[in-house]
Amino acid sequence: MPSEAENRFHGDMRRGAERLKREIGYNPTRFVQMLGELGGVGAARQLLRGGNASDGFTTLWEAGRLELSVEAFVLLPWYRHLFEEHHLATAQYRLSEHGLDVDRFLREARLNPPLWVSDDV
């Protein structure tokens, strides 16, 4: 049975896919299929396994929206514990290599967390 954090992560991944459709006109159909098959955490782990970024990551990079990538979400303080160090390292590397200021992104996320995140995160 998934933990509360895993359920939240899964929900954030679904909402992220919906935002991509609305905001940049990108429909991540394969990713949504992976969410249905593997759940949010499983899909993220699979995407972070290989050395190469997914086509979806490339699309987000081209649109200037890497903050909505799986790579960005796994680094959030309230989700990091769901992943192994190699997943986190891969996410950090991909984002940094593609120009996202990861430290700034994480600072801003800590200042403006979702409403359900407790103050002690």
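The model shown is predicted, which means the values in this text are computed figures rather than measured ones.

### Comments concerning the environment of glutamate 4
Inspection of the secondary structure assignment puts glutamate 4 in helix α1 (residues 4-24). The class for glutamate 4 is exposed, based on a relative accessible area of 51%. Within the structure, glutamate 4 has its side chain in polar contact with the side chain of arginine 8 (distance 2.2 Å).

### Let's talk about α1
Here α1 spans 30 Å end to end across 21 residues, near enough to the 30 Å set by a 1.5 Å rise per residue. Ala5, Phe9, Gly11, Asp12, Met13, Gly16, Ala17 and Leu20 are the residues of α1 that are buried. On its buried side, α1 packs onto α2 (29-47), α3 (55-63) and α4 (70-74). Following α1 by one or two positions, glycine 25 has its phi on the positive side, about 70°.

### Structural notes on the pattern of salt bridges
For the coordinates displayed, the defined rule picks out eight salt bridges. Linking arginine 65 and glutamate 67 is a salt bridge whose minimum nitrogen-to-oxygen distance equals 2.5 Å. Given a relative accessible area of 16%, arginine 65 falls into the buried group. Residue glutamate 67 is classed as partly exposed on the basis of its relative accessible area, which comes to 26%.

### Describing the confidence of the model for the protein chain
Averaged over every residue, the pLDDT of the protein chain is 90; residues scoring 70 or more account for 93%. Counting contacts from residues 115-121, a segment whose pLDDT is below 50, to residues more than four positions away or on other chains yields seven contacts.

### Topic: the packing of aromatic side chains
Across all of its chains, the model carries two aromatic pairs by this definition. Consider the rings of phenylalanine 9 and tyrosine 79, whose centres lie 5.0 Å apart with planes at 80°: the pair is edge-to-face. With phenylalanine 9 in helix α1 and tyrosine 79 in the loop between α4 and α5 (85-97), this pair connects stretches of sequence that are 70 residues apart. For the pair shown, phenylalanine 9 and tyrosine 79 are each scored as buried. Here the aromatic rings of phenylalanine 9 and phenylalanine 83 are separated by 5.4 Å at their centres, their planes lie at 65°, and the arrangement is edge-to-face. Placement of phenylalanine 9 in helix α1 and of phenylalanine 83 in the loop between α4 and α5 is noted, with a sequence separation of 74 residues between them. Pair check on accessibility: phenylalanine 9 and phenylalanine 83 agree, each one buried.

What counts and how
Residues numbered from 1 in each chain as written. Predicted model: local features only at pLDDT ≥ 70, side-chain atom pairs only at ≥ 80, totals over all residues. Heavy atoms only, no water. Helix = DSSP H or I, 4+ residues; strand = E, 2+ residues; numbered from the N terminus. Buried < 20%, exposed > 50% of the residue type's maximum accessible area, 1.4 Å probe, protein only. Polar contact = N/O pair within 3.5 Å; in protein donor to acceptor, adjacent residues only side chain to side chain. Expected span 1.5 Å × (residues − 1). Contact = heavy atoms within 4.5 Å. Salt bridge = Lys/Arg side-chain N within 4 Å of Asp/Glu carboxyl O. pLDDT = per-residue confidence, 0-100. Phe/Tyr/Trp six-rings, centres within 6.5 Å; stacked < 30°, edge-to-face > 60°.

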